[in-house]
Amino acid sequence: PRQGFVIGRRFAHPVMRVGFEAPAGFTLTNSPQALQIEGPDGTRGEFGAGKMPAGGLEAHAEALLAQLLGDVRAETGAAERRIVNGVEALVVPALVQTERGSAEIKVAVYAIDGAAYHLIAAALPSARSRSAVEALIGSFRRLSEAEAAALRPRTLRTVAVTPGETAATIARRMASDHPLDHFLMLNGRASGAALRPGERVKIVVWGG
């Protein structure tokens, strides 16, 4: 729970009580350091959190850009103050030149109760990429106490196959948006492969 939960294209953190949702076609990969975001047309990004620096949102955005770009020259645009779903935010655009051509970067930083959150996205210039990045940035919000309390971890368990059970029937117990596909992948099975009564298989279920 202290690393938050990835639920399909949605990320929700029950301790920080924040979350966002990536557009269709995006995938989220969680880690203790940051949450990685990947989308169509080579779009890449991350979400992270930390303590708000003394200089506020401006200083936080500047530090993130400096860390991201290093010695790479970039054309930084004007910072834009926003209110995103009731949360104070600052969005800073930048344009960099890469081996593949130009890349557009947007750094969005958010302030909640002395904490700083950020969404960073880099994409090749296109109307579709810009729209997707804007949707991502605009989806950030604070979770209600009820939403945070309803979030539960998922647990890996092994169970014994009973007579008559199939991959499809066992997959119904999976805590997954695509239970059968994930069951087959988790157990290294091909679609349609028979299960033997008594053999043990892995499933993912909701924890307490």
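Residues numbered from 1 in each chain as written. Predicted model: local features only at pLDDT ≥ 70, side-chain atom pairs only at ≥ 80, totals over all residues. Heavy atoms only, no water.

Student: Looking at this structure, I do not really get the pattern of salt bridges. What am I missing?
Tutor: If charged atoms from side chains of opposite charge come close, those side chains can pair. Counted under the stated rule, the structure contains twelve salt bridges. The salt bridge partner of Glu21 is Arg9, with a shortest N-O separation of 3.7 Å. On the criterion of sequence distance, the pair formed by Glu21 in strand S3 (residues 18-21) and Arg9 in the loop between strand S1 (5-7) and strand S2 (10-13) is long-range, its members being twelve residues apart. Each member of the salt-bridge network shares a partner with another, and the members are Glu80, Arg82, Lys106 and Glu134. (Salt bridge = Lys/Arg side-chain N within 4 Å of Asp/Glu carboxyl O. Helix = DSSP H or I, 4+ residues; strand = E, 2+ residues; numbered from the N terminus.)

Student: So what exactly am I meant to see when it comes to the side chain of His13 here?
Tutor: Along the chain, His13 turns up in strand S2. Engagement of the side chain of His13 in a polar contact is seen with the backbone nitrogen of Met16, the distance being 3.1 Å. In this view, His13 contacts Pro1, Arg2, Gln3, Gly4, Val18, Leu143 and Leu151; residues no more than four positions away in its chain are not counted. (Polar contact = N/O pair within 3.5 Å; in protein donor to acceptor, adjacent residues only side chain to side chain. Contact = heavy atoms within 4.5 Å.)

Student: Can you help me understand the sheet that holds S1 in this one?
Tutor: Strand-to-strand pairing in sheets goes through backbone hydrogen bonds, with the strands running parallel or antiparallel. With respect to topology, four strands assemble into an open sheet ordered S1-S2-S3-S12, the strand pairing being antiparallel. Two strands lie at the open edges of the sheet, namely S1 and strand S12 (141-142), each paired on one side alone. Two elements, S3 and S12, share two bridges in a ladder whose sense is antiparallel. Paired with Gly19 across the strands is Arg141, a residue of S12. (Pairing = 2+ DSSP bridges.)

Student: Please explain the nonpolar core as it appears in this structure.
Tutor: Within soluble globular proteins, side chains that are nonpolar tend to cluster in buried spots. In terms of nonpolar packing, the biggest core is built from 26 residues, with Phe20, Phe47, Tyr110 and Phe140 touching the most fellow members. Going through the elements one at a time, S3, strand S5 (35-38), strand S9 (87-98), strand S10 (101-112), strand S11 (115-123) and helix H2 (127-138) are the ones with two or more residues in this core. Not counting residues within four places of it along the chain, the set of residues in contact with Phe140 comprises Val18, Gly19, Phe20, Phe47, Val84, Asn85, Val87, Tyr110, Ile112, Tyr117 and Leu119. One finds Leu65, Val107, Ala116 and Ile120 within the second-largest nonpolar core, a separate group that totals 16 residues. (Core = buried A, V, L, I, M, F, W, Y, C linked by side-chain atoms within 4.5 Å. Buried < 20%, exposed > 50% of the residue type's maximum accessible area, 1.4 Å probe, protein only.)

Student: What am I meant to see in helix H5 (residues 179-187) here?
Tutor: Residues spaced three or four apart along an α-helix point in a common direction, a consequence of the helix completing one turn every 3.6 residues. Every buried residue belonging to H5 is among Phe183, Leu184 and Asn187, and all of these are buried. Buried residues of H5, viewed axially, fall in a sector of 95 degrees; they line one side. Those residues of H5 that are exposed and angled more than 90 degrees off the buried face are Asp181 and Met185. Structurally, H5 contributes buried residues whose contacts are with helix H4 (167-171) and strand S14 (200-206). Trailing H5 by a residue or two, Gly188 shows a phi angle of about 65 degrees, which is positive. (Arc of directions from axis to C-beta.)

Student: How should unusual backbone geometry be read in this particular structure?
Tutor: Of all residues except glycine, most have a negative phi; of all peptide bonds, most are trans. Phi at Asp41 takes a positive value of approximately 60 degrees, unusual for a residue other than glycine. A relative accessible area of 37% means that Asp41 is categorised as partly exposed. Here Asp113, not a glycine, exhibits a phi torsion of approximately 50 degrees, which is positive. By the secondary structure assignment, Asp113 is in the loop between S10 and S11.

Student: Quick question: what am I supposed to make of the packing of aromatic side chains here?
Tutor: Summed over the entire model, instances satisfying the criterion amount to seven aromatic pairs. Considering the side-chain rings of Phe20 and Phe47, the 5.2 Å spacing of their centres and the 50 degrees angle between planes classify their relative orientation as tilted. Remark: Phe47 occurs in strand S6 (residues 44-51) and Phe20 occurs in strand S3; sequence separation between them is 27 residues. Accessibility assignment for this pair places Phe20 and Phe47 in one class, buried. Each ring, one from Tyr117 and one from Phe140, has its centre 5.8 Å from the other, and the planes form 40 degrees; the classification is tilted. On the criterion of sequence distance, the pair formed by Tyr117 in strand S11 and Phe140 in the loop between H2 and S12 is long-range, its members being 23 residues apart. The two residues Tyr117 and Phe140 agree in class, both being buried. (Phe/Tyr/Trp six-rings, centres within 6.5 Å; stacked < 30°, edge-to-face > 60°.)

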